[in-house]
Amino acid sequence: MTTAAFLCLFALAVAGYVLNRRAATELSGGGAKLHSLEGFHGSYALLVVFIPVLVLILLWLVFQGAVIDLMLKSGLSDRFAGLSNGETQLLVAEIKSIAKGTVFGTPEEWKFAAADTYNMLKERSSLLLLILVVSLSVALVVFSRRKVSADFRARHGVERIVSGLMIFCSVVAIFVTIGIVASLMFETMKFFSKVSVTEFLFGTNWEPQIPLREDQVAAEGAFGWLPVMLGTLVITVIALIIAVPVGLMSAIYLNEFAPRRLRAVAKPLLEILAGVPTVVYGFFAILVVAPAIRSFGQSIGLDVSPNTALAAGGVMGIMLIPFISSFSDDALSAVPQSLRDGALGLGATRAEMMTTVLFPAAIPGIVGGVLLAVSRAIGETMIVVMAAGLIAKMTANPLDSVTTVTVQIVTLLIGDTSFDNPKTLAAFALGMMLFLATLIINVFALRIVRKYREAYD
Amino acid sequence: MTDVSASKSSLMGEGNAKVKRRNRNQVVLQGLGLGAISFAALMLIILVASLVSTGYKAFTQTHIALEVFVDPEEIPLEKLPRGGFRDVLLASLQAKIPGVDDRKELRKMQKLVSNGAQFELRDRIVADPTLIGKTISLNVPMSDPYDQLAKGLVKRDTPEAQRRVSDMEIAWFDTLDKAGMISQPLNFGLLTNADSRFPELAGLRGALVGSFWALLVCFMISFPLGIGAAIYLEEFAPRNRFSDMIEVNINNLAAVPSVVFGLLALAVFIGWFGLPRSAPLVGGMTLALMTMPTIIIATRAALKAVPPSIREAALGVGASKHQVVFGHVLPLAMPGVMTGTIIGLAQALGETAPLLLIGMNAFITSAPGTPLDSATALPTQIFIWADSPERGFVSRTSAAILVLLGFLVMMNAIAIHMRSKFERKW
């Protein structure tokens, strides 16, 4: 039925285009001097029909589920009286699955009746949508057809609509940011109404496994994020220890010393390394790197845990090499040729020119790139989910297993999405901290990069 | 006089030493650079080599050819689709390996063939009930331990207690092998089967279809939004606070961790709007938000590369600003836009974390028919398989990664090809 609504919309919009265009051609054929080209008259009808009706369909689709649920619940208000929120949801889900035709066990008779009502409501809703779409589209076709005349400024109309659409597209970025902040804030507030802020920020114990039932005997659930943050820092530092020197050195070499043919091979090679999905790096870490570290550790008599911070951080370092190297390469290339020529002209070797002139001049850009790499390392998920541990420990030992903010977010949310217990809400609190930390680093880094790029222009 | 020349020569010597040291420093710096690149190359080689060496084995699958007598007593027509398919299969194995009648051993023998074999047999008989009473030949996968044995992943010389197949089972396998019943054809099931708990049956079809739907949704949303935003910002926006804010926002969005987008999708799309969990629609919408900044940045670069002379010429003959942009600048910039879009979609194809949060890591044994059905995607399928304890999934994971990398390389190759073919120098 929804497909039918879309098809009707497309057909009527195209019909509007054809009608308007033909009318305009007839007018100009009759000797009238049109303000706009015929195509603009057609496009005007197309846009005037298409956009409002499409918005109607999308809004309808977004809200019809919630409205139907409400109507279903109000129709059965006596059945739902005195039930908790979770029980209500369960009942509604059961009725919906019966309505779809999948029946488990032997439900009561009234549930079948409710399922029938639900199906009827759904059918009515889509029928109503279809009727609305058709009547509105036809009305708009007639409206735009009436507008066709010699001095109707169709082009201006079209351009105004297109401009509006483009502004909407640009504003989506702001909507997304607002959406991120709002959703994180909302859930984080709920979390802090259950767990105190000071406990979260300064607690040194992270054990989010709270009891699911009230009578269950289990740990209380502790939400101190310091060990998680420490683990994130340990892995980030390890990653940077590998990525920064290797990335920087390869950028220096490629920028100044490499023969052209080597550069032609090495650059795409680094790009391949950059294009590998992180889940592949994660698998690489557990398949190759972690066992290698473990057996090496055993051979020199060290006790290494299976999920080491070293393996996760090391592989993350490999992931970041191309990122740092391309940023440094850009920064080095942006230094004007005159500085190179000046240094070489004074008799410096190329290495001296690099270390005393080029590199210092490029440092702000390189620092910006490294900062962005830090933000990526903090926010990187799949490598650490697969290769780092799950238990939060206050340790800085790279051979121990640590956990990170992103690991905790993923493990807290897999398989459990009720937003009313502190366990799932804690993930949003962690997400908020992650978002804030990376946002600050990003703003800072982007500002440095931008400022530096303008320095030589 | 002698004093002077002596001091001069010592000065020269000192200078020579200094030059030597300076040259040595240069060599050291170059060596470090070369070492760094070699390290990166080495890592790439190890990465690919380890994937290929574990993954290539999943591209073949050990099959066993069985002559099955469809016993009407075990599978009566009136009881279809139920019946003793398992027993019929066992009987045909028993015929080849005589002398086994212990119940425990028989149960072990049953495990020679994959659990999916009985369903294949059932489907064939249900489709054509006249087969009952006849002997049909069936070529079915063997179960994972024997697959591993055939591929040499289970070493015969390890002590029996540490091996997954006992000496007796190896003897069975060798008997069947000698009878010429065992073959290793190409494993098309890897691409055409949906996911399964049994490694020998598990395939990528569900994940491929799920990824396709998610990418389609992602493209349909991010492409128009991205192009619209880029054209506005590059060609029409006045330079003011508002457009600055949009710009900073887009740059920041490009650097927000992907898992945060997953949180957004979970809270807004699933929590507030009530869209279905695990659906490619939600996955695609989430990926679209992440791809949009990439497309905007690429499109702006492509628009910027179109020389002003084109705009001026069009404006000069009386076109409006919109006509200039949509009639002349955008078509010329289109190759660059498409390249950027493909690269953005390639990134979206490999993205895993946000899909995990919206539940696209569900275990689903059928391919999704619409974007609203539960599904997995390629990267989340890799994640699920990497987590599975069965040995057979290690090579499946590597093979799935090779498939994913194959798609990525293809997309990037198309992008590079388009860039080189349509690139224009003005």
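The structure presented is a predicted model; accordingly, all values stated were derived computationally and were not measured. (Residues numbered from 1 in each chain as written. Chains lettered and ligands numbered in written order. Predicted model: local features only at pLDDT ≥ 70, side-chain atom pairs only at ≥ 80, totals over all residues. Heavy atoms only, no water.)

Asks: Describe in detail the overall build of chain A, supporting the description with residues and values.
Replies: When its secondary structure is counted, chain A shows 16 helices and 2 strands. C-alpha extents for chain A along the principal axes are approximately 80 × 80 × 40 Å. Burial analysis of chain A (457 residues in total) assigns 47% to the buried set. Here the analysis covers contacts within chain A between residues at least 6 apart in sequence; of these, 73% occur between residues at least 24 apart. Entry remark: accessible area of chain A is about 22,100 Å², with carbon and sulfur atoms responsible for 65%. When the 33 positive and 31 negative side-chain charges of chain A are each reduced to one mean point, those points stand 11 Å apart. (Helix = DSSP H or I, 4+ residues; strand = E, 2+ residues; numbered from the N terminus. Buried < 20%, exposed > 50% of the residue type's maximum accessible area, 1.4 Å probe, protein only. Contact = heavy atoms within 4.5 Å. Areas by Shrake-Rupley, 256 points an atom, 1.4 Å probe, with all protein chains shown as cover. Lys, Arg positive; Asp, Glu negative; His and termini not counted. Charge placed at Lys NZ, Arg CZ, Asp CG, Glu CD.)

Asks: If you had to explain the overall build of chain B to someone new, which residues and values would you point to?
Replies: When its secondary structure is counted, chain B shows 16 helices and 3 strands. Rg of the C-alpha trace for chain B: 32 Å, well past the compact-globule value of 22 Å for 426 residues, more than 25% over. Along the longest, intermediate and shortest principal axes, the C-alpha atoms of chain B span 105 × 85 × 40 Å. Considering chain B as a whole, with its 426 residues, one finds that 50% of them fall into the buried category. Excluding contacts between residues fewer than 6 apart, the proportion of contacts in chain B whose partners are at least 24 apart in sequence is 74%. Total accessible area on chain B is roughly 20,200 Å²; 61% of this is exposed by carbon and sulfur atoms. If you average the places of the 40 positive and of the 34 negative side-chain charges in chain B, the two averages end up 11 Å apart. (Rg over C-alpha atoms; globule rule 2.2 N^0.38 Å.)

Asks: Describe the pairing of strand 1 (residues 63–69) of chain B, with residues and values.
Replies: All names here are of chain B. For strand 1 and strand 2 (residues 135–141), the ladder comprises 7 bridges, and the chain directions are antiparallel. By the bridge assignment for strand 2, Ala65 is matched with Asn139. Pairing of strand 1 with strand 3 (residues 182–183) involves 2 bridges; the strand directions are antiparallel. Residue pairing across strands places His63 opposite Ser183, the latter belonging to strand 3. (Pairing = 2+ DSSP bridges.)

Asks: Explain the interface of chain B and chain A to me, and be specific about the residues and the numbers.
Replies: Across the boundary between the two partners, chain B contributes 77 residues, which contact 85 residues of chain A. Across the chain B/chain A interface, buried area totals approximately 6,500 Å², and carbon plus sulfur atoms make up 80% of it. At the junction of chain B and chain A, the tally comes to 1 salt bridge. Between the two partners, chain B and chain A, sit 9 residue pairs in polar contact (both at pLDDT 80 or more). (Buried area = accessible area lost by both parts, 1.4 Å probe. Salt bridge = Lys/Arg side-chain N within 4 Å of Asp/Glu carboxyl O. Polar contact = N/O pair within 3.5 Å; in protein donor to acceptor, adjacent residues only side chain to side chain.)

Asks: Provide a residue-level description of the side chain of Thr403(A), including the pertinent values.
Replies: Residue and element names in this part refer to chain A. Along the chain, Thr403 falls in the loop between helix 14 (382–387) and helix 15 (405–413). A polar contact of 3.3 Å, which involves the side chain of Thr403, links it to the backbone oxygen of Gly389. Reaching out from Thr403, the side chain makes a polar contact with the side chain of Gln408 at a distance of 2.8 Å.

Asks: Before we move on, can you summarise helix 10 (residues 258–272) of chain B with the specific residues and values?
Replies: Residue and element names in this part refer to chain B. Taking 1.5 Å of rise per residue, 15 residues should cover 21 Å, and helix 10 covers 20 Å from first to last C-alpha, within 8% of that figure. Along its length, helix 10 shows its largest kink, about 25 degrees, at Ala265. Among the 15 residues that make up helix 10, 13 are buried, leaving the element largely enclosed by the rest of the structure. One or two steps after helix 10, the chain reaches Gly274, where phi turns positive at roughly 70 degrees. (Expected span 1.5 Å × (residues − 1). Bend = angle between axes of the 7 residues up to and from the residue.)

Asks: Run through the nonpolar core, naming residues and quoting values.
Replies: With 208 residues, the main nonpolar core has Ile180(A), Trp206(A), Tyr281(A) and Ile409(A) as its most contacted residues. Those residues within four positions of Ile180(A) in sequence are excluded, and the remaining contacts are Phe435(A), Leu253(B), Val256(B), Val260(B), Phe261(B) and Leu264(B). The next biggest cluster of nonpolar side chains, apart from the first, holds 35 residues, and it includes Leu66(B), Leu106(B), Leu121(B) and Ile132(B). (Core = buried A, V, L, I, M, F, W, Y, C linked by side-chain atoms within 4.5 Å.)

Asks: Any chance you could break down the packing of helix 8 (residues 226–257) of chain A against helix 13 (residues 350–379) of chain A for me, citing the residues and the numbers?
Replies: Residues and elements named next belong to chain A. Viewed as axis vectors pointing N to C, helix 8 and helix 13 meet at an angle of 145 degrees, and their least axial separation amounts to 10 Å. The two elements helix 8 and helix 13 cross, and the hand of that crossing is right-handed. Along the contact surface, helix 8 presents Thr232, Thr236, Leu240, Val244, Leu248, Ile252, Glu256 and Phe257, while helix 13 presents Arg350, Ala351, Met353, Met354, Leu358, Phe359, Ile366, Val370, Ala373, Val374, Ala377 and Ile378. (Axes fitted to C-alpha atoms, helices over the stretch in contact; angles between N-to-C directions. Left-handed = near helix turned anticlockwise from the far one by under 90°.)

Asks: Could you give me a rundown of the environment of Phe359(A), with the residues and numbers involved?
Replies: Mapping Phe359(A) onto the fold places it in helix 13. Remark: the alpha-carbon pair of Phe359(A) and Val53(A), spanning 306 residues in sequence, is separated by 58 Å.

Asks: Tell me what's going on with the pattern of salt bridges, and back it up with residues and numbers.
Replies: Residues and elements named next belong to chain B. Under the defined criterion, the tally for this structure stands at 18 salt bridges over all chains. One salt bridge connects Asp123 with Arg122, and the closest N-O pair in it is separated by 3.5 Å. Among the ionic pairs, Asp174 bridges to Arg156, the shortest N-O distance being 3.1 Å. In this pair, Asp174 is assigned in helix 6 (residues 167–178) and Arg156 in the loop between helix 5 (144–150) and helix 6, connecting sequence segments 18 residues apart. The class for Asp174 is partly exposed, based on a relative accessible area of 24%.

Asks: Give a description of the confidence of the model for chain A that names residues and reports values.
Replies: In the predicted model, chain A carries a mean pLDDT of 86, and the fraction of residues at 70 or more is 95%. Here helix 3 (residues 77–80) of chain A stands out as the least confident element of chain A, with mean pLDDT 73; helix 8 of chain A is the most confident, with 93. (pLDDT = per-residue confidence, 0-100.)

Asks: Can you explain the environment of Cys169(A)? Please cite residues and give values.
Replies: Relative to the helices and strands, Cys169(A) resides in helix 6 (residues 154–194). Setting aside residues no more than four positions away along its own chain, Cys169(A) makes contact with Pro224(B), Leu225(B), Gly228(B) and Ala229(B).

Asks: A description of the environment of Gly189(B) should follow, citing residues and the corresponding values.
Replies: Residue and element names in this part refer to chain B. Relative to the helices and strands, Gly189 is located in helix 7 (residues 189–192). Residue Gly189 is classed as buried on the basis of its relative accessible area of 14%. Setting aside chain neighbours within four positions, we find Gly189 in contact with Ala202 and Gly203.

Asks: Which residues make up unusual backbone geometry, and what are the values?
Replies: The phi dihedral of Ser278(B) is positive, around 65 degrees, even though this residue is not glycine. Topologically, Ser278(B) is positioned in the loop between helix 10 and helix 11 (280–305).

Asks: Give a detailed account of the packing of aromatic side chains, specifying residues and quantitative values.
Replies: Applying the stated criterion across every chain, the model contains 15 aromatic pairs over all chains. Between the aromatic rings of Phe186(A) and Trp272(B), the centroid separation amounts to 5.7 Å while the plane-to-plane angle is 90 degrees, which identifies the pairing as edge-to-face. One end of the pair, Phe186(A), is in helix 6; the other, Trp272(B), is in helix 10, on a second chain. Looking at Phe186(A), the relative accessible area reads 46%, which means it is partly exposed. Ring geometry for Phe219(B) against Phe223(B): centres 4.9 Å apart, planes inclined by 20 degrees, an arrangement best described as stacked. (Phe/Tyr/Trp six-rings, centres within 6.5 Å; stacked < 30°, edge-to-face > 60°.)

Asks: With reference to specific residues and values, describe a positive patch on the surface.
Replies: All names here are of chain B. On the surface, Arg86, Arg103, Lys104, Arg107, Lys108 and Lys111 cluster together into a patch of positive charge. It is helix 3 (residues 103–110) that provides the largest number of residues to the positive patch, a total of 4 residues. For Arg107, the position within the fold is in helix 3. (Patch = residues over 30% accessible without salt bridge, like charges linked within 9 Å, V, L, I, M, F, W, Y side chains within 5 Å.)

Asks: I'd like a description of helix 9 (residues 241–255) of chain B, backed by residues and values.
Replies: Taking 1.5 Å of rise per residue, 15 residues should cover 21 Å, and helix 9 of chain B covers 22 Å from first to last C-alpha, within 8% of that figure. Where helix 9 of chain B begins, the capping side chain belongs to Asn240(B), and its oxygen is found 3.1 Å from the backbone nitrogen of Phe242(B).

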